[in-house]
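A look at the structure
These are the residues of each chain, in order.
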Amino acid sequence: MADSIIEGVKGYTGAAGGWGALRAVAIAVRNQMADAKALLSVNQPDGFDCPGCAWPDPRHGSSFEFCENGAKAVTWEATAKRVDPEFFAQHSATELWGWHDHDLEGAGRLTHPLRYNPDTDHYEVISYDEAFRLAGEALNRLDDPDQAEFYCSGRASNEAAFLWQLYARAFGTNNFPDCSNMCHEATSIGLPQSIGVGKGTVLLEDFEQADAIFCIGHNPGTNHPRMLSSLRDAARRGAAIVVANPMKERGLERFQSPQHVGDMMRRSGVALASAYHQVRVGGDMAMLKGMMKALFALDEADLSAGGPGVLDRAFIAEHTTGFEALAADIAATQWDEIERRSGLPRAEIESMADTYAKAERVIICYGMGITQHRHGTQNVQQIANLLLLRGNIGKPGAGICPLRGHSNVQGDRTVGITELPTEEFLQRLDAAFGIAAPRKHGHGAVEAFKAMLDGRSRAVLSLGGNLAVAMPDPAACFAAYRKMDLAVSVVTKFNRTCLLRAKETLVLPCLGRTEQDVQASGPQSITVEDSMSMVHASRGKLKPVSDTLLSEPAIVAGFAKATLRGTAIDWDGMVADYDRIRDKIAEVFPDFGDYNARVRVPLGFRLPIGPSDRIWPTPDGKAHFLVHAGADGTGGNADSRLVLTTIRSHDQYNTTIYGHNDRYRGITGRRDVVFANADDLAEAGISHGDLVDVVAGPDRVLERQVAVAHAIARGSVAAYYPEANHLIALDDCDPVSGTPAYKSVPITLRRAAALSPEAPPSR
Ligand SMILES: Nc1nc2c(c(=O)[nH]1)N[C@H]1C(S)=C(S)[C@@H](COP(=O)(O)OP(=O)(O)OC[C@H]3O[C@@H](n4cnc5c(=O)[nH]c(N)nc54)[C@H](O)[C@@H]3O)O[C@H]1N2
Ligand SMILES: Nc1nc2c(c(=O)[nH]1)N[C@H]1C(S)=C(S)[C@@H](COP(=O)(O)OP(=O)(O)OC[C@H]3O[C@@H](n4cnc5c(=O)[nH]c(N)nc54)[C@H](O)[C@@H]3O)O[C@H]1N2
Ligand SMILES: [Mo]
């Protein structure tokens, strides 16, 4: 493959981590002119929680846990660049719309609240109080509180998120679209049906005891890099690490830990995956069913040889229901369908089952490659089925490990950001605050946009995030925003969603997690919950970017007081001292008992997860094998010869584009690429480096992308999010959880009008 002739496409031969990671941190610090000392406070007991990901902190960690992408997240927030009133006087809204997302956010931190002025086409400074008043008035003009949508991104702390849901419910709605709806909703809906809890069951310590770790559909080298330390240590002590991913991802293959001198001296680093299976995009359900089929065969063989079988019969009898139905469904699923859907030969799947059966203790980790499909919920449940067959939940070194996205996405859900509240929770909320919270279930993210589009909703307020850009189908979602009476963004950086103008458009900057938050009672800490249900405190260290910035809790309280006339809730008291917010959280959620004391010890405390102790909080107290007929996790999307998945580059945080490189995939300085299998390209008459259009429908075309022949499964194509979101229809989602099918878009590739790629734009 003639790599060298295509600018910015070169391949990558090194390990993940290593000197390249150290170099990238130095560049991030320099580009943002950030205070490098900030990096020393990341994930330290008295410092702030890294806003990068939700991977937990090690109990016996060294002084400084190095993470390249954590460093990028911190320096991006702690940047010395400012987007101030002068910036908005200089640049009109129309001009800013033409900027690249990278440049919009890259301009720096927001310093002042803004209101869009349609007469001048500029964003103009207003006071926080004026913004609160305008928002409150617009909300009170609605016919019905259910005409408002209250988005929450997973960056918000427990304290901010708890106040946000209290505010919206006191106002009268359960409309809580949140980033969970786009992310692990399949887990939140699917796992409770299987095991009674919508969260992972493992602790970091379990990684030290597992005999085998399966990594399905997630990319830790980029998205949860601190996990590589756990995988490295597991690999070094001989645990099997089995990967199922359509793409060869370097962070799953080899790691050179900057914490270990030995690694840094060896260019190849430490080998991680002991087996790497390039499952077809959307082929996981078939693969998981194939593993179960092979497991049943091993079991039968062992039984007929006089052995005890490989299934954990005692566990199944004592702890589960539904075994017979599962066994029947697996028996009915044929190998030819399994092979065709998964793209993996039977022998390969049998070898996965073999490794699984031989391991006494198994952890299965998974990410967006599992959840973001039409049958994401069932994909998750097949993972639970596989684990339950050998009693791999609720014993040391074993369990299910969904890798959460945002650093506090799990916590936000725990403290009440949900469109589907339980009656028990609402009763406690009512009692704690003397309100009458609405009972009618609200909108998740997809539902919210449908309501905005067809006029049922007229206001959208977002606490963090870049909602319209994160969603599928920007043509629809941007239009929906523009139909609103009120659009409010509470953000640290000005992004494209802030530029979607409603009748009234407000942008309010807030303190970031790295910054000191001083209220009437003194400096405050906030708290977050990681992927393993550990709740701990985080205290900002840096001087705020401007002394006028309010914290998220203060902003939410400001909105609440201006919206809820005569509110009897002590908003000011709670903002003055966040301990009071935490006391209220504990009053509403008994699992947080003694919250303030328990969160003051280093590393905090763990919320109870019944299944970790084989207590199943399901209606019948058992874990459930759940059957889903067929072997297509995409609900028909995989019938296409080519299926596109949308992925993150190494230089982005969701919609935030830090830079245009994707080091481990060998891409430099550009994002206009589609990764495809060389044989698929050849079949379509396309050469590596050709310009192609990615076609998902007559109005869904991503034009002029550079075709890159890549180590990706046959039939699978990958492109970057959010650029590719235009290819995804708003209602192409999992009907059970509402999760958009971001990771299985039926497409075709056609040669673009021009035959040779242009040089990438210089950055
Ligand atoms: N630096 C950084 N860290 C992040 C984020 C970020 O953008 N940047 N985002 C945060 C958030 S919100 C989240 S949700 C997580 C996301 O973390 P991941 O779940 O790792 O996210 P993705 O990049 O979407 O990648 C998914 C991986 O799944 C693979 N994949 C794609 N389709 C399929 C499929 O059908 N089956 C299988 N088995 N695999 C598939 C892709 O090849 C890729 O390796 O990371 C969080 N952490
Ligand atoms: N095609 C495709 N689309 C996807 C995905 C995919 O894999 N493929 N993944 C989906 C997933 S998993 C997710 S989670 C969503 C992400 O959806 P969002 O959470 O909505 O998006 P982010 O890009 O994380 O939001 C970035 C913005 O957050 C603001 N921000 C940063 N820090 C803070 C803070 O501390 N406080 C406040 N108030 N604001 C802050 C900044 O202004 C920044 O512009 O995208 C989804 N969209
Ligand atoms: Mo996410």
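Heads up: the structure comes first, above all this text.
Residues numbered from 1 in each chain as written. Chains lettered and ligands numbered in written order. Predicted model: local features only at pLDDT ≥ 70, side-chain atom pairs only at ≥ 80, totals over all residues. Heavy atoms only, no water.

Points about the sheet that holds strand 8 (residues 240-244)
The line we're drawing: For two strands to be treated as a pair, DSSP must find no fewer than two bridges joining them. The helix and strand labels rest on DSSP assignments: H or I over at least four residues marks a helix, E over at least two residues marks a strand, and numbering proceeds from the N terminus. For helices, the fitted axis covers only the stretch in contact; all axes are lines through C-alpha atoms, and the angles between them, taken along N-to-C directions, range from 0 to 180 degrees. Only heavy atoms matter for contacts: two residues are in contact if any of them lie within 4.5 Å across the pair.
Read across the open sheet, the 5 strands follow the order 11-8-7-13-14; overall the sheet is parallel. The outermost strands of the open sheet, each flanked by one partner alone, are strand 11 (275-277) and strand 14 (399-402). Averaged over all pairs of adjacent strands, the angle between strand axes in this sheet comes to 15°, irrespective of strand direction. In this structure, strand 8 lies alongside strand 11, joined through 3 bridges in parallel fashion. Its bridge partner being in strand 11, Val-243 is matched across the sheet by Tyr-276. Sheet contacts for helix 19 (residues 376-389): strand 13 (362-366) and strand 14; angle to strand 13, the most-contacted strand, approximately 175°.

A look at the site of ligand 1
Condition: A single heavy atom is enough: if one lies within 4 Å of a molecule or strand, its residue is considered near that molecule or strand. Polar contact is the term for a pair of N or O atoms within 3.5 Å; when the atoms are in protein, one must be able to donate a hydrogen and the other to accept it, and sequence-neighboring residues count only if both atoms are side-chain atoms. Only the protein chains shown count as cover for residues, and all accessible areas are computed by the Shrake-Rupley method using a 1.4 Å probe. Polar here means any residue outside two lists: the nonpolar Ala, Val, Leu, Ile, Met, Phe, Trp, Tyr, Cys and Pro, and the charged Asp, Glu, Lys and Arg; Gly therefore counts as polar.
Around ligand 1, a shell composed of 32 residues is seen, among which Asn-245, Glu-249, Asp-284, Gln-652 and Asn-654 lie nearest. In the model, an oxygen atom of ligand 1 is placed 2.8 Å from a nitrogen or oxygen of the Gly-282 main chain. Contact distances for ligand 1 include 2.7 Å between a nitrogen atom and a backbone N or O atom of Gln-652. Here ligand 1, which alone exposes 920 Å², has 99% of that area covered by the protein. Mapped by element, the contributors of at least two residues to the shell around ligand 1 are helix 9 (220-223), helix 18 (368-371), strand 24 (642-647) and strand 25 (652-653). Taken together, the residues of the shell around ligand 1 break down into 10 nonpolar, 18 polar and 4 charged.

Structural notes on the packing of helix 13 (residues 284-304) against helix 16 (residues 335-342)
Two quantities define a packed helix pair, namely the angle between the axes and the distance from one axis to the other. The following threshold applies: The handedness criterion is simple: a crossing whose near helix is rotated anticlockwise from the far helix by less than a right angle is left-handed, and one whose near helix is rotated clockwise is right-handed.
In the contact formed by helix 13 and helix 16, the axes pass within 8 Å of each other and the chain directions differ by 145°. Remark: the crossing between helix 13 and helix 16 carries left-handed chirality. Across the interface between the two elements, Ala-286, Met-287, Lys-289, Gly-290, Lys-293 and Ala-294 from helix 13 touch Trp-335, Ile-338, Arg-341 and Ser-342 from helix 16. Counted by class, the contact of helix 13 with helix 16 contains 5 nonpolar, 2 polar and 3 charged residues.

Some words on the site of ligand 2
With respect to spatial proximity, 33 residues lie near ligand 2, and among them Glu-105, Tyr-151, Thr-655, Tyr-721 and Asn-725 are the closest. With respect to ligand 2, the side chain of His-406 contributes an N or O atom lying 2.8 Å from an oxygen atom. In the environment of ligand 2, an oxygen atom lies 2.5 Å from a nitrogen or oxygen atom belonging to the side chain of Thr-655. Elements that contribute at least two residues to the shell around ligand 2 include exactly helix 23 (467-470) and strand 16 (486-491). For the shell around ligand 2, a count of residues per class yields 14 nonpolar, 13 polar and 6 charged.

A look at helix 8 (residues 185-195)
Worth spelling out the cut-off: The cut-offs for exposure are 20% and 50% of the maximum accessible area for each residue type, with area from a 1.4 Å probe on protein chains only; residues under the lower value are buried, those over the upper are exposed, and the others partly exposed.
Of all the 11 residues making up helix 8, 9 are buried; the element is thus mostly covered by neighbouring parts of the structure. Here helix 8 has its buried residues at Glu-185, Ala-186, Thr-187, Ser-188, Ile-189, Gly-190, Leu-191, Ser-194 and Ile-195. Buried-residue contacts for helix 8 involve strand 13, helix 18, helix 19, strand 14, helix 20 (409-414) and strand 23 (623-624). Downstream of helix 8 by one or two residues, Gly-196 has phi in the positive range, about 95°.

Section: the side chain of Asp-412
The criterion, for reference: Positive charge is attributed to Lys and Arg, negative charge to Asp and Glu, and no charge count is given to His or to the chain ends. Only one rule defines a salt bridge in this text: a Lys or Arg side-chain nitrogen within 4 Å of an Asp or Glu carboxyl oxygen.
With respect to the helices and strands, Asp-412 occurs in helix 20. Lacking a salt bridge, the buried Asp-412 has Arg-513 as its closest oppositely charged neighbour, with an N-O distance of 7.2 Å. Residues in contact with Asp-412, not counting those within four places in the same chain, are Cys-152, Ser-153, Gly-154, Arg-155, Ala-156, Ser-157, Asn-158, Ala-161 and Ile-417.

Some points on unusual backbone geometry
Cis geometry is found at the peptide bond from Tyr-721 to Pro-722, where omega equals 5°. Inspection of the secondary structure puts Pro-722 in the loop between strand 30 (716-720) and strand 31 (745-751). Despite not being glycine, Asp-594 has its phi angle at roughly 60°, a positive value. For Asp-594, a relative accessible area of 57% gives the class exposed.

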